[in-house]
Protein chains: 2
Amino acid sequence: MVVTPRNTRQRRAVAAILEDLEGFASAQEIHDLLRHRGESVGLSTVYRNLQALADAAEVDALRNDEGETLYRQCSTGHHHHLVCRACGRTVEVEGPTVERWADGVAAQHGYVDIAHTLEIFGTCGDCAR
Amino acid sequence: MVVTPRNTRQRRAVAAILEDLEGFASAQEIHDLLRHRGESVGLSTVYRNLQALADAAEVDALRNDEGETLYRQCSTGHHHHLVCRACGRTVEVEGPTVERWADGVAAQHGYVDIAHTLEIFGTCGDCAR
DNA sequence: GGTCGATTTGACAATGATTCCCATCCGCGT
DNA sequence: ACGCGGATGGGAATCATTGTCAAATCGACC
Ligand SMILES: [Zn+2]
Ligand SMILES: [Zn+2]
Ligand SMILES: [Zn+2]
Ligand SMILES: [Zn+2]
């Protein structure tokens with residue numbers, strides 16, 4: 001049977017923040033944003049809810065080069081990200097050719113159960129000035 | 001002027017381990033391997049030397065999904081990896097098309113100073129049995 | 001081989017993100 | 001309104017990695 005998560009104030013608050021965010025943000029950034037909104041939520045709870053959302057594939061998660069996990073509400077379906085290093089602004093991109101290439105090269109070497117990670121990082125036009 | 005690193009026993013030992021390794025390994029795994037070889041090296045020193053090697057582009061580094069940094073002695077030049085989840089066996093792969101696609105899509109959106117990460121994970125033929 | 005200064009080492013403390021723990025709270029079906 | 005099991009929170013714990021700094025040691029020069 002499917003577990004039905006409870007509709008708590010905290011869960012709603014985290015979801016609301018993600019709705020408003022442009023790009024990726026860390027759990028701690030989201031925690032701060034919540035506090036500044038007056039909708040204070042415990043840090044543990046922010047982590048838990050973000051992870052739950054990520055597990056449910058309702059948000060995307062990726063790790064930046066500092067090792068932090070960043071979260072963002074994305075469109076459904078498989079896609080990748082073009083992320084601004086400075087402000088986090090994100091563009092979702094698709095690359096059917098890349099998908100085929102990755103699967104093909106893995107199969108050629110006898111690998112099965114294939115997955116891949118692909119992220120593009122850069123500095124967006126505004127941040128580059 | 002170029003800094004000339006000193007040729008210490010510890011640096012040699014770390015380099016030797018990397019020579020012998022098939023796939024990627026974490027700093028702590030390498031530290032253990034060194035200990036078992038009898039060439040004991042302080043953990044801090046292992047970290048320092050691995051980072052130095054990575055900075056000098058003599059080894060590749062990537063983060064696994066547990067957040068650990070893994071190191072491997074690779075061929076020179078830009079390439080990506082097809083890594084077995086079970087045993088770490090790694091195949092270096094190149095995808096010129098992917099490189100062009102990534103740069104192109106980033107430029108289209110006005111991003112500059114572009115970099116990307118791309119790793120393929122799977123289960124190798126042996127491990128799949 | 002011996003001297004000496006600059007690097008490197010290593011044991012330990014410190015950091016920082018994330019997870020664990022657990023007493024308390026509260027959404028929700030009855 | 002009641003009661004229960006999931007949810008919360010805040011402080012401790014974890015864990016990879018980095019910082020500290022006195023002691024060890026390269027390696028250049030005599
Ligand atoms: Zn930007
Ligand atoms: Zn893809
Ligand atoms: Zn394998
Ligand atoms: Zn590439």
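Residues numbered from 1 in each chain as written. Chains lettered and ligands numbered in written order. Predicted model: local features only at pLDDT ≥ 70, side-chain atom pairs only at ≥ 80, totals over all residues. Heavy atoms only, no water.

Attention shifts here to the overall build of chain A. Across its full length, chain A carries 5 helices and 6 strands. Over its C-alpha atoms, taken along the principal directions, chain A stretches across nearly 55 × 50 × 25 Å. Per-residue burial for chain A yields a buried fraction of 39% across its 129 residues. At a minimum sequence separation of 6, the contacts of chain A that also span at least 24 residues come to 43%. Summed over its atoms, the accessible surface of chain A is roughly 7600 Å², and 48% of this surface lies on carbon and sulfur atoms. (Helix = DSSP H or I, 4+ residues; strand = E, 2+ residues; numbered from the N terminus. Buried < 20%, exposed > 50% of the residue type's maximum accessible area, 1.4 Å probe, protein only. Contact = heavy atoms within 4.5 Å. Areas by Shrake-Rupley, 256 points an atom, 1.4 Å probe, with all protein chains shown as cover.)

Taken together, 21 residues lie near DNA strand D, and R6, T8 and R48 of chain A together with N7 and Y47 of chain B sit nearest. Put simply, 60% of the atoms of DNA strand D that lie within 4 Å of the protein are in sugar or phosphate. The side chain of R6 of chain B places a nitrogen or oxygen atom 3.0 Å from a base oxygen of DNA strand D. Listing elements by their share of the surface near DNA strand D, those giving two or more residues are helix 1 (9–20) and helix 3 (43–55) of chain A together with helix 3 (43–55) of chain B. Per-class residue counts for the surface near DNA strand D are 3 nonpolar, 11 polar and 7 charged. (Near = heavy atom within 4 Å. Polar contact = N/O pair within 3.5 Å; in protein donor to acceptor, adjacent residues only side chain to side chain. Nonpolar A, V, L, I, M, F, W, Y, C, P; charged D, E, K, R; others polar.)

It is worth spelling out the coordination of the zinc ion (ligand 1) at this point. The expected angle between donors at a tetrahedral four-coordinate metal is 109.5 degrees. At an octahedral six-coordinate metal it is 90 or 180 degrees. Residue and element names in this part refer to chain A. Distances from the zinc ion (ligand 1) to its protein donors, C84 (SG), C87 (SG), C124 (SG) and C127 (SG), fall within 2.2 to 2.4 Å. Taken together, the 4 donor atoms coordinating the zinc ion (ligand 1) and their angles of 103 to 116° define a geometry best described as tetrahedral. Ordering the donors of the zinc ion (ligand 1) by residue number gives the pattern C-x2-C-x36-C-x2-C. (Donors = N, O, S within 2.8 Å, 3.2 Å for Na, K, Ca; no water. Tetrahedral: all angles 85-135°; square planar, octahedral: opposite > 155°, others 65-115°.)

Taken together, 21 residues surround DNA strand C, and among them Y47 and T69 of chain A together with R6, T8 and R48 of chain B come closest. Between DNA strand C and T69 of chain A, the relevant distance is 2.8 Å, taken from a phosphate oxygen to a main-chain nitrogen or oxygen of the residue. R48 of chain B is positioned with one of its side-chain polar atoms (N or O) 2.7 Å from a base nitrogen of DNA strand C. Only helix 3 of chain A together with helix 1 (9–20) and helix 3 of chain B provide two or more residues apiece to the surface near DNA strand C. Its residues placed into classes, the surface near DNA strand C shows 3 nonpolar, 11 polar and 7 charged.

Turning next to the packing of helix 1 of chain B against helix 2 (residues 27–37) of chain B. When two helices pack together, their arrangement is given by the angle between their axes and by how far apart the axes lie. Residues and elements named next belong to chain B. Direction vectors running N to C along helix 1 and helix 2 enclose 105°, while the axes themselves pass 10 Å from each other. If you check the angle between helix 1 and helix 2, you find them roughly perpendicular. Counting all contacts with helix 1, which are made through A13, V14, A16, I17, L18 and D20, the residues of helix 2 involved are I30, L33, L34 and R37. Within the contact of helix 1 with helix 2, the residues separate by chemical class into 8 nonpolar, no polar and 2 charged. (Axes fitted to C-alpha atoms, helices over the stretch in contact; angles between N-to-C directions. Parallel < 35°, antiparallel > 145°, perpendicular 65-115°, else oblique.)

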